[in-house]
Amino acid sequence: VSSVSLHITVCCVCSSVSSAKYTSQSTHTTEKSVPYEKILKQEDGLSGPTKPLPKSADVVVIGGGSLGCQTLYHLCKLGMTNVVLLERDRLTAGTTWHTAGLLWQLRPSDTEVELLAHTRNVISSELEEETGLETGWIQNGGLFIASNKQRLDEYKRLMSLGKAYGIESYVLSPAETKDLYPLMNVKDLYGTLYVPKDGTMDPAGTCTTLSRAATARGATVIENCPVTGIQVKVDDLGVKRVKAVETAHGTIQTPCVVNCAGVWATKLGEMAGVNVPLIAMHHAYVVTERIEGIQNMPNVRDHDASVYLRLQGDALSVGGYEQNPIFWNDVSDKFAFSLFDLDWDVFMQHIDGAVNRVPALEQTGIKSTVCGPESFTADHKPLMGEAPEVRGFFLGCGFNSAGMMLGGGCGKELAHWIIHGRPEKDMYGYDIRRFHHSLTNNNRWIRERSHESYAKNYSVVFPFDEPLASRNMRKDPFHQVLQEQGCVFQERHGWERPGWFNRGGPAPVLDYDYYGAYDVPKNTDYKYSEILGKEYTFDFPPHHDVIRDECLSCRNAVAVFDMSYFGKFYLTGPDAKKAADWLFTADVNKAPGSTVYTCMLNKRGGVESDLTVSRLEPSPAHLPLTPESNGEAYYLAIGGGVAQHNWSHIQAVLQDQGFRCTLIDHTEDMGMISIQGPKSRELLQEVLDSDLSNDAFPFSTHKIVNAAGHKVRAMRLSFVGEMGWELHVPKESCLPVYHAVMTAGAKYGICNAGYRAIDSLSIEKGYRHWHADLRPDDTPLEAGLAFTCKMKTSIPFLGRQALEAQKAEGLRRRIVCFTVDEKVPMFGLEAIFRNGVPVGHLRRSEFGFAIDKTIGYGYICNPDGGVVSPDFVRSGEFTLERMGVTYKATAHLKSPFDPENKRVKGIYG
């Protein structure tokens, strides 16, 4: 981006000074920061692009680092040739030049394990086979250090997940670790995780080889060509679309731009009116002098010391992540520091950790230091996919220091996204549309959350962790009254939603304290943080019994759930019926007053969402409960964590199909409470002015009713497998209605319950959770949701052709329920074995309190590649591996709880 200068600082340190003493004795020189425009005039006499600019291109990739080069290469691999990469300087000159280039195969995410596997394949073999050029890949292995039990438990979880993917790994004792790495201090270790086929990538060699492979397939790579603008047009439907890329040397007409500009991605986004929520931090490492005996050692991550040791020939590169990183290039902020000066006070903690782990470093000199910018995001995940603001503007940035190792997998998925409209894998966690639009331009949220993601880069990934940064961004009308009753809130894309209810009284979330960094006073007597700390375990959490009581109250009496964070949309307009037929798998065009559970698919048949759709009566507007409609109108209720994603998905489908419809968002205007349990009808009959009998108000219907004198939309639905109703309430009426429900419910034993209880209750009943056991790479047939698809009708819908083909071929994977008799905690990612052979892993697992067993769901495949039939499931003997220990499991094709589905119909006893 032309308005931003690129600076590089290399500090040369006297090699005779030991690393333990350099802060007081060493001398170093720092090159003056030189503006990028001046560099162009000085280097090789070049002052313009390395190649002429074409007049047009099908895709223009901006940024010649890891992601840009990988995306270009994979676009060409998928058959595109009229593609251009523009780099303002030279390839890798942004953040890629100073990356450590480490590749670890195991991460606590199945999608990331798959992405890493593709990167490794591209770097270690594919590129060399295609080009005859070496990328610089070194397979020296990887070693994760555990200094405490919790860390070793995390590594054991990774090892078990790796078995499902055929990744070789070993948990080693301290003595075994010493045999492998003789220079290592193992006195303070619990153990290590060794992955022999991890390794090291060379950024320059990789990107050069990628660019040559892409140009051989027809791509054009142009260096020394800063982008100065992005032209955007508005089409006949009022939709903004990319038109062209401007440079000082010419304009390229194109319908598609890919923003791979790294730390400059925000500036590039501004050119097109696109919010890119990332922030840059200084990130540094030092390179040591020669160390005798270090040759061929594996790379090391000592997470608890927050330091990595990368093998560099006969030396080491030493770096890490601290809680007080230096924000980059923000002189207006009191936390900003001068550019690229390595702050030894900040960095010293990594030297101390490295010396503790490899004592030979105490007497080893520092040859050089490298410091450059790295971009970080609010949830420590990259930003990818098509921007919601402008069609044809794609993101491939914000990689949180993982751009090299995730580059191959993400480059392939991004290329597929551009060409086919969606990625092959589940990339929701990376999709820019996961963030609500109110957050992506909120500087406080971006800064605080990105700081926390940097500071916690090496933290243990616990099942029930929650962020402390930038909380209370979106609160529903019940927030204060629930907080007063001890609600422990979870954060989901800005929303505060109830997690569970603490018996020890209120535990409010406080303003972010940056973990005490930057002279910000650290929060003291912070009850919420203390509660979270107690939840940091891979065992049953200490509040397990509280969740049990909430669940059993719902099963045996009645519970109220605040589900206000759900997205609440209206679909109206002349083509609303056509749009509903095309968007939704189920036939939602039943009689007004009906509510239908359905899915939305992509064209490959993958599930983009599950939701409820209620058909409304034509009526004048009575917002927010009723939109104005002379024709068809529908009310959509969608899980709040994916509401923004679904909003963008629906809008894109409406635009692509040319439907004359309006999608109206009333999420912020309404609250929603769900009253569930055997006593729910008796309770609500005292609050609502409507007959709630089965005949008058059957399951899967809705009505506008009065609740304590306030109009609400009541829906007879359940997400927990009990008889119950949801009340969708205008925000000004939320508290009076809630208090009326709680007052009437006192004699029935009503209790507040949160999403931790919903997680347990829903899995026990066999209900899917989107983005847990239901994702865009799963079809309804695989997920056991064929009943949501109108396949017996002739009505076309998005994804139908893919489902018909899959049905004809037979399922190659299928979701299966597993129960374990032993009371052992499982959280997902546990390996599934059939007759001793790995066939998958759990996507989701909880403890089911009504059945008194651990229960999990996972997709299994046939190792022979054949169909996974019900008989294949019934005939196998299954075990689940948790942290290296196997447990006998029972497979179920139906939910073990209420398999006849009587309770939601009000049939008890």
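Since we're looking at a predicted model, the values are computed, not measured.

> Could you give an account of the pairing of strand 16 (residues 299-302), naming the residues involved and the relevant values?
Side chains Asn299 and Arg301 of strand 16 all project onto a buried face; the interleaved residues Val300 and Asp302 project onto the opposite face, where all are buried too. Summarising the sheet, strand 6 (residues 142-146) and strand 16 pair through four bridges and their orientation is parallel. Paired with Gly142 across the strands is Asn299, a residue of strand 16. When strand 16 meets strand 17 (residues 307-312), the two strands line up antiparallel, connected through three bridges.

> Would you mind going over the side chain of Ser109 in detail, with residue names and values included?
Its location among the elements puts Ser109 in the loop between strand 5 (102-103) and helix 4 (110-131). Ser109 sits in the buried class, given a relative accessible area of 16%. Within the local environment of Ser109, its side chain forms a polar contact with the backbone nitrogen of Glu112, the two atoms lying 3.2 Å apart. In this view, Ser109 contacts Leu161 and Leu829; residues no more than four positions away in its chain are not counted.

> How would you summarise the pattern of salt bridges if you had to cite specific residues and measurements?
By the definition in use, this model includes 53 salt bridges. Put simply, Lys163 and Glu881 hold a salt bridge, and the shortest N to O gap is 3.0 Å. A residue pair is termed long-range when its members are at least 10 positions apart, and Lys163 in helix 5 (residues 149-164) and Glu881 in strand 39 (residues 878-882) qualify at 718 residues. The buried category is assigned to Glu881, whose relative accessible area is 3%. Linking Arg812 and Glu809 is a salt bridge whose minimum nitrogen-to-oxygen distance equals 3.3 Å.

> Which residues make up empty space enclosed by the protein, and what values go with them?
On inspection of all chains with the given rule, the structure shows six cavities of 30 Å³ or more. The space that makes up the largest cavity amounts to roughly 460 Å³. Along its surface, the largest cavity is lined by 39 residues, and Thr95, Thr96, Cys260, Ala261 and Gly262 are the ones closest to its centre. Contributions of two or more residues to the lining of the largest cavity are made by helix 3 (66-77), strand 19 (366-377), strand 21 (393-397) and helix 10 (403-420). When residues of the lining of the largest cavity are assigned to their parent elements, the largest contribution, three residues, is made by helix 3.

> So, the sheet that holds strand 21: which residues are in play, and what are the values?
Adjacent strands of a sheet pair through backbone hydrogen bonds, lying either parallel or antiparallel. The mixed open sheet is built from six strands, whose spatial order is 10-4-3-14-21-20. Sheet topology places strand 10 (220-222) and strand 20 (383-386) at the edges, where each strand pairs with a single neighbour. Adjacent strand axes in the sheet meet at a mean angle of 20°, parallel and antiparallel pairs treated alike. On the sheet, helix 8 (residues 265-272) packs against strand 3 (59-62), strand 14 (257-259) and strand 21 and is oriented at approximately 175° with respect to strand 21.

> Account for the packing of aromatic side chains, naming residues and giving values.
Here the structure, examined in full by the defined rule, presents 29 aromatic pairs. Here Tyr512 and Tyr514 contribute two aromatic rings whose centre-to-centre distance is 4.8 Å and whose plane-to-plane angle is 45°, an arrangement assigned as tilted. Taking relative accessible area as the criterion, Tyr512 reaches 7% and is therefore assigned buried. Between Phe847 and Phe849, the ring centres sit 5.2 Å apart and the planes meet at 65°, which makes this aromatic pair edge-to-face. The class of Phe847 is buried, set by a relative accessible area of 8%. Put simply, the rings of Phe327, Tyr512, Tyr514, Tyr515 and Tyr518 pair up and form one aromatic cluster. Positioned over the ring face of Tyr635 is Arg713, at 5.7 Å from the centre of the ring.

> Explain the confidence of the model for the protein to me, and be specific about the residues and the numbers.
On average, the protein scores 91 in pLDDT, and the residues at 70 or more come to 93%. Segment residues 1-45: pLDDT under 50, and 106 contacts once partners within four positions in sequence are set aside and those in other chains are kept. Confidence over residues 330-339 falls short of pLDDT 50; this stretch has 17 contacts with residues more than four positions distant or in other chains.

> Outline the nonpolar core, listing residues and values.
By size, the foremost hydrophobic cluster in this structure holds 144 residues, and its most contacted members are Val59, Leu86, Ile230, Val258, Phe393, Cys410 and Phe561. The element that contributes the greatest number of residues to this core is helix 10, accounting for eight residues. Counting residues in each nonpolar core, the second largest holds 45 residues, with Val588, Cys789, Ile815 and Cys817 among its members.

> Lay out the layout of surface pockets in plain terms, naming residues and giving numbers.
Each pocket or cavity is described by its volume, and for the second largest pocket that value is around 970 Å³. What lines the second largest pocket is a set of 45 residues, and nearest its centre among them are Glu386, Arg391, Gly421, Ala652 and Asp656. The set of elements that each furnish at least two residues to the lining of the second largest pocket consists of strand 12 (240-247), helix 10 and helix 16 (643-657). At 10 residues, helix 16 tops the list of elements feeding residues into the lining of the second largest pocket. The residue makeup of the lining of the second largest pocket, split by class, is 21 nonpolar, 11 polar and 13 charged.

> Let's hear about the sheet that holds strand 28 (residues 633-638): which residues, and what values?
The strand order across the open sheet built from five strands is 26-27-28-25-29, with neighbouring strands paired in antiparallel fashion. Each edge of the sheet is formed by a strand with only one pairing partner; in this case those strands are strand 26 (595-601) and strand 29 (662-665). Neighbour to neighbour, the strand axes of the sheet diverge by 30° on average, direction disregarded. Pairing of strand 26 with strand 27 (residues 607-615) involves seven bridges; the strand directions are antiparallel. Along strand 27, the bridge assignment pairs Met600 with Ser609. Against the sheet, helix 15 (residues 576-583) makes contact with strand 25 (567-572), strand 26 and strand 28, and its axis sits at roughly 125° relative to strand 25, the strand it touches most.

Criteria and cut-off values
Residues numbered from 1 in each chain as written. Predicted model: local features only at pLDDT ≥ 70, side-chain atom pairs only at ≥ 80, totals over all residues. Heavy atoms only, no water. Buried < 20%, exposed > 50% of the residue type's maximum accessible area, 1.4 Å probe, protein only. Helix = DSSP H or I, 4+ residues; strand = E, 2+ residues; numbered from the N terminus. Pairing = 2+ DSSP bridges. Polar contact = N/O pair within 3.5 Å; in protein donor to acceptor, adjacent residues only side chain to side chain. Contact = heavy atoms within 4.5 Å. Salt bridge = Lys/Arg side-chain N within 4 Å of Asp/Glu carboxyl O. 1 Å grid on protein atoms, 1.4 Å probe; cavity = no way out; pocket = protein on both sides within 12 Å on 5 of 7 lines; lining within 4 Å. Points joined across faces, edges and corners; volume = space filled by probe spheres on them. Axes fitted to C-alpha atoms, helices over the stretch in contact; angles between N-to-C directions. Phe/Tyr/Trp six-rings, centres within 6.5 Å; stacked < 30°, edge-to-face > 60°. Lys NZ or Arg CZ within 6 Å of the ring centre and 35° of its normal. pLDDT = per-residue confidence, 0-100. Core = buried A, V, L, I, M, F, W, Y, C linked by side-chain atoms within 4.5 Å. Nonpolar A, V, L, I, M, F, W, Y, C, P; charged D, E, K, R; others polar.

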